[in-house]
Amino acid sequence: MGGYILRRALLVIPVVVGAVTLLFAAFLVTGDPVETIAGGQRAVSATTRAQIIHKYGLDEPSYVRYGRYIGRLVRGDLGDSYKQGRSVNDILRQDAPASLRLAIWAIILEILIGIAAGVIAAVRRYSFLDALTTVSTTMVVAIPVFVLGYLFQYVFGILPNKQNLGSWARFPVQGIGPNHWFLFIPLGNQWKFLLFPALTLASVSTAVVARMTRSTMLEVMKADYMRTAAAKGLTKNAIILKHGLKNAMIPVVTLIGLDLATLIGSAVITETVFNWPGMGSEIARAAVSLDAPVVLGLTTLLVVAYVVINLLVDLSYAFFDPRIRYGGAEAR
Amino acid sequence: MRRMRGRASLAVLIVCVALVAAACSSSKKTSTAGGSGSAGTPVVGGTLNDYQQYAQGEPDHIDPDLAADVNSSATGQLLFDGLTENDYKTGKVVPQVSDRWTHNDNFTQWVFHIRSGVTFSNGDAVLPSSFAYAWNRILNPALASEVAYIPATLGIKGTADVQAGKAATLSGLTADDGAMTLTLNLDKPISFVDGLAAHLSMSPLDQKDVEAKTGTTDVTKTAKYEQGIMIGNGPFIMAEAWKHNVSITLARNPTYWGGYEGHKAYLDKLVFTISKDLDSAYGAFQGGQADTAYIPAAKYQEALTTYAGHVANGPILGIYDWGFNMKDPEVGGPANLKLRQAIALSIDRDAMITRTYNNSRLKALGWTPPGVPGYQTGLYQFAERDLTKAKQLLSEWEQATGKKAASLKPIQVNFNIGSGHDINAGIIKGNLDELGVPSVVVPHESKTYFKDMRKGLGQFMRSGWIADYTSYDNQLYPSFDTAGIGGDNIYQYSSAEFDALIDKARAQTGADAEATYRQAEDVALNKDVVAIPLNWYKGAVVYATRVQNVVQSPLQFVKYDSIWVK
């Protein structure tokens, strides 16, 4: 298993190099960064242009710049933003924790609500609860995320204020608030700032997880070992949770794992509506303004996160299905 | 200051992300000019949670030598005081750090006397050399400042050499810290130096602090000064370093000398929340989270009713227009004058005011808005829509050129995505259809729009201008002078007559200068029909009942130092 993990970990290198190379090449052909660096609103004088080109090493051949970038990347130096006048490492230090915390809580809500709804719908197939799950998940998937976000803001933020309800009933409309955390656990009233952005971010994926859990559970419940477990006299809850759910989890866990990696960097709309200072909106902004160092730096981190999370998902399969072994030819 | 980019919306962001992915009732009680009625005696203390200033994202810069647009300049306005100031009540230039100034007969030499005892917030004296350092810094090409055009407008001797990197200091600027005078020797006569000196970019900097905090005397590297706690001489100080995309927090400057109004800031603390989305920021105000917000156009009338008496919606010295690329063979040049006149008369400004802006703007009756000294109503000849006359002019153009409008290659209606420009573009297209001129709307990405237009890539282009300082010159020169081509003169307009009138006006004062500027405006707008002024901006700042004395200057800056909270 150690060898398997090492081989998978080494995969990070070609994936990162490939992604960086692709993005680097893309920025080389998308235009002149001098005007971006100078601000982009006014014409740049020849003298200023020369100063900027020299300062950022833009007069060097592209392969030299690429080599230097990779060299700095290896040392953990992601360079300086063209637009913000600060290092990408600083941007990362500010945005990555906020994105990660939001994504983790979105995933927690996705797991709690999605799996529970899926299991209930499967166990009570064709019941009112099953129909409710189907209708609600379809509805949530159909509603655009920003509409859901604005709806939460109105119902839980604006309306209570208009109705002069007490502070217990009011939620902040937007922002990250005091930013008080223990790792990813919100402290004090931080949870009030977190709840609806996390719910919004989790919404679509939760619906998908619920539907997938339902369908895999329905498959698993037809299996011989479920009948065996019932014949053994196990309680219904034990059969469902220990034998059914556990076996139904592999595709669901794969989906959730991929979601976590995606949610870290793709929460642009949720971050915008709730004014959450995360990486998704930062990358979007940087891409639009051709701020190559920011896009390259933050994307590199996301690629690494994606590979690592996928590895953890793969390793988790052995927990859900003990027949799965890692290690190439010896695998059964 | 500021070619207006406008306030974008979430929709813009969504479109932007999609593009990236593909590549990889009227008010019963509204406010008087610019601000709220104030109430009672000022109260010192409290915190203001502001969601209006940065409702649409964070500023590009806050360093006074780098801040080039309204948003970027807002923080600097509170941190730094210049030689003079524009009194927001009268629009007149009043003494600030300089208590008096003189000039020679032909306006080529100006001497500013600096008040003694004015200090930066760290206790360092504000000296004539503090201004000289800042002015030399901003003009240094290594700083790559987009707002260097303001001090460059002065034309202090040696400006060209500094901007070319051939000299580090202005030869025509003498800072005498002993005599506390700052002497400016100019290349050309300029009669409004005192007004221009009120601009944020002309603020002093504490050289010692800049170099200590950036760890270098290399101007290139001092650009990072704004990333830490900048030291200024204004009514507020930075309570903490700029938290990008989150907030900028200021506190009262306890050592402030009082400025031209003679008082310190009343607020203990001022928190600018940086928001990504205008509607979300306004929602925060509706939810009681914010003390102030900028009202989205779609909610303007509702806000006037709901928050009657708590909206600062006075006129802003800004113009919104659609203009022609004067070098474009299809619409530019003398041969196409009647086509431009026909188009100007065909545009339905009233439809834009109601449909796009929900009556949150004023119909433009000229380029230069009311409030600018010298403004005269009725100057613009094409302010009222007249489709019959427009069709007649079009017919005359067809006869003169031998062209048929209906068979023209569609005229590009260029605009940057967001802020209702798309709705306006649709209205214009409809107007041109009625006129019989084929057109096509061409949306552009906001971040690159003006860059492309400056290069002459537009044909019939959306634009706008908010004044840098209260002056007729600033309304006209940047947008229409030949020197502005490649910069704010996106129309590529070059007229010897216009340029000569500007030069003449700059050497005049008072009513004479104003009359000459009006002649220049007449040339650009009526004689050559370079641009079509559509509407004038108004403020749209809403504030909570506990917030008192909210005043928005005609230059769009809220006077936070005059606000207090109950």
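Predicted model, so just to flag it, every value in this text is computed and none were measured. (Residues numbered from 1 in each chain as written. Chains lettered and ligands numbered in written order. Predicted model: local features only at pLDDT ≥ 70, side-chain atom pairs only at ≥ 80, totals over all residues. Heavy atoms only, no water.)

Asker: So what exactly am I meant to see when it comes to the overall build of chain A here?
Answerer: Along chain A, the regular secondary structure elements total 14 helices and two strands. Seen through its principal axes, chain A has C-alpha atoms that stretch 85 × 65 × 35 Å. Classification of the 332 residues of chain A by burial places 48% in the buried group. Total accessible area on chain A is roughly 15,900 Å²; 68% of this is exposed by carbon and sulfur atoms. Both charge centroids of chain A, one from 30 positive and one from 19 negative side chains, sit 9 Å from each other. (Helix = DSSP H or I, 4+ residues; strand = E, 2+ residues; numbered from the N terminus. Buried < 20%, exposed > 50% of the residue type's maximum accessible area, 1.4 Å probe, protein only. Areas by Shrake-Rupley, 256 points an atom, 1.4 Å probe, with all protein chains shown as cover. Lys, Arg positive; Asp, Glu negative; His and termini not counted. Charge placed at Lys NZ, Arg CZ, Asp CG, Glu CD.)

Asker: Which parts of the structure should I look at to understand the packing of helix α11 (residues 349-356) of chain B against helix α13 (residues 421-435) of chain B?
Answerer: When two helices pack together, their arrangement is given by the angle between their axes and by how far apart the axes lie. Residue and element names in this part refer to chain B. The N-to-C vectors of α11 and α13 enclose an angle of 150°; their axes lie 10 Å apart at closest approach. The interaxial crossing formed by α11 with α13 has right-handed handedness. Residue-level inspection shows A351, M352, R355 and T356 of α11 in contact with α13, the latter providing I423, N424, I427 and I428. In the contact of α11 with α13, the residues fall into five nonpolar, two polar and one charged. (Axes fitted to C-alpha atoms, helices over the stretch in contact; angles between N-to-C directions. Left-handed = near helix turned anticlockwise from the far one by under 90°. Contact = heavy atoms within 4.5 Å. Nonpolar A, V, L, I, M, F, W, Y, C, P; charged D, E, K, R; others polar.)

Asker: What is the right way to read the side chain of T299 of chain A from this model?
Answerer: Residues and elements named next belong to chain A. By the secondary structure assignment, T299 is in helix α14 (residues 292-320). Residue classification places T299 among the buried positions, given a relative accessible area of 18%. Among residues more than four places away in sequence, those in contact with T299 are L23, I283 and V294.

Asker: So what exactly am I meant to see when it comes to the interface of chain B and chain A here?
Answerer: Where interface size is given, it is often the accessible area lost as the parts come together that is meant. Each side of the interface is counted separately: chain B has 51 residues, and chain A has 47 residues. Roughly 4,100 Å² of surface becomes buried between chain B and chain A when both sides are summed, with 51% attributable to carbon and sulfur atoms. Ionic pairing is found between D80 of chain A and K224 of chain B, a salt bridge with its closest N-O pair at 3.6 Å. At the level of elements, α1 (10-23), α8 (278-286) and α14 (446-454) of chain B are the ones that each hand at least two residues to the side of chain B that touches chain A. (Buried area = accessible area lost by both parts, 1.4 Å probe. Salt bridge = Lys/Arg side-chain N within 4 Å of Asp/Glu carboxyl O.)

Asker: Explanation requested: the domain arrangement of chain B in the structure shown.
Answerer: Residue and element names in this part refer to chain B. Assigned domains within chain B: domain 1 (1-50 + 251-314 + 539-566), domain 2 (81-233) and domain 3 (318-537). If you average the C-alpha positions of domain 2 and of domain 3, the two centres end up 34 Å apart. Every contact between the two is made by 14 residues of domain 2 and, on the other side, 13 residues of domain 3. With both chains or domains summed, domain 2 and domain 3 bury close to 1,100 Å², and 57% of this area falls on carbon and sulfur atoms. (Domains from an automatic or database assignment.)

Asker: What should I look at first to understand the pairing of strand β2 (residues 47-51) of chain B in this one?
Answerer: Residue and element names in this part refer to chain B. The pairing of β2 with strand β11 (residues 269-273) spans four bridges and is classified as parallel. Counted as the bridge partner of N49 is V271 from β11. Bridge count between β2 and strand β12 (residues 292-294): two bridges; the pairing is parallel. Counterpart to Y51 in the pairing with β12 is A293. (Pairing = 2+ DSSP bridges.)

Asker: How should I be thinking about the packing of aromatic side chains in this particular structure?
Answerer: What characterises a pair of aromatic rings is the spacing of the ring centres plus the angle enclosed by the ring planes. All names here are of chain B. The full count for this structure, using the stated rule, is 35 aromatic pairs over all chains. Relative to F272, the ring of Y54 has its centre 5.4 Å away and its plane inclined at 80°; by these criteria the two rings are edge-to-face. In this pair, Y54 sits in the loop between β2 and α2 (70-79) while F272 sits in strand β11, placing the two residues 218 residues apart along the sequence. The class for F272 is buried, based on a relative accessible area of 0%. (Phe/Tyr/Trp six-rings, centres within 6.5 Å; stacked < 30°, edge-to-face > 60°.)

Asker: So what exactly am I meant to see when it comes to the sheet that holds β12 of chain B here?
Answerer: All names here are of chain B. On the basis of which strands lie adjacent, the open sheet formed by seven strands has the order β9-β10-β11-β2-β12-β20-β13 and mixed pairing. Both outer strands of the open sheet, β9 (236-238) and β13 (311-312), are each paired with one neighbouring strand and no more. Contacting β2, β12 and β20 (541-543), α8 runs over the sheet at an angle of about 150° to β12.

Asker: Can you help me understand the packing of helix α8 (residues 145-162) of chain A against helix α9 (residues 190-220) of chain A in this one?
Answerer: Residues and elements named next belong to chain A. Orientation of α8 relative to α9, taken along the N-to-C sense of each, is 150°, at an axis distance of 10 Å. It follows that α8 is roughly antiparallel to α9 by the angle criterion. Considering only the axes of α8 and α9, their crossing is right-handed. Contacts from V145, L148, G149, F152 and F156 in α8 reach F196, L199, T200, S203 and V204 in α9. Tallied by class, the residues present in the contact of α8 with α9 amount to seven nonpolar, three polar and no charged. (Parallel < 35°, antiparallel > 145°, perpendicular 65-115°, else oblique.)

Asker: Where do I start with α11 of chain B in this structure?
Answerer: Residue and element names in this part refer to chain B. When α11 is considered as a whole, its buried residues turn out to be R349, A351, M352, I353 and T356. Its buried side turned inward, α11 meets α10 (337-346), β15 (362-363), α13 and β19 (531-538). For α11, the N-terminal cap is D348; the gap from its side-chain oxygen to the backbone nitrogen of D350 is 3.3 Å. (Polar contact = N/O pair within 3.5 Å; in protein donor to acceptor, adjacent residues only side chain to side chain.)

Asker: What is the right way to read helix α3 (residues 128-139) of chain B from this model?
Answerer: An α-helical turn contains 3.6 residues, so any two residues separated by three or four positions project in the same direction. All names here are of chain B. With twelve residues, α3 ought to run about 16 Å at 1.5 Å a step, and its terminal C-alpha atoms sit 17 Å apart, in line with that. Across the twelve residues that make up α3, a large majority, eleven, are buried. Looking only at α3, the buried set comprises P128, S130, F131, A132, Y133, A134, W135, N136, R137, I138 and L139. Next to the buried residues of α3 lie β6 (109-114), α4 (149-154), α5 (159-163), β7 (173-176), β8 (181-185) and α7 (207-214). (Expected span 1.5 Å × (residues − 1).)

Asker: Would you mind showing me how to read the environment of I423 of chain B here?
Answerer: Here I423 of chain B shows up in helix α13. Judged by relative accessible area, I423 of chain B falls into the partly exposed class, the value being 35%.

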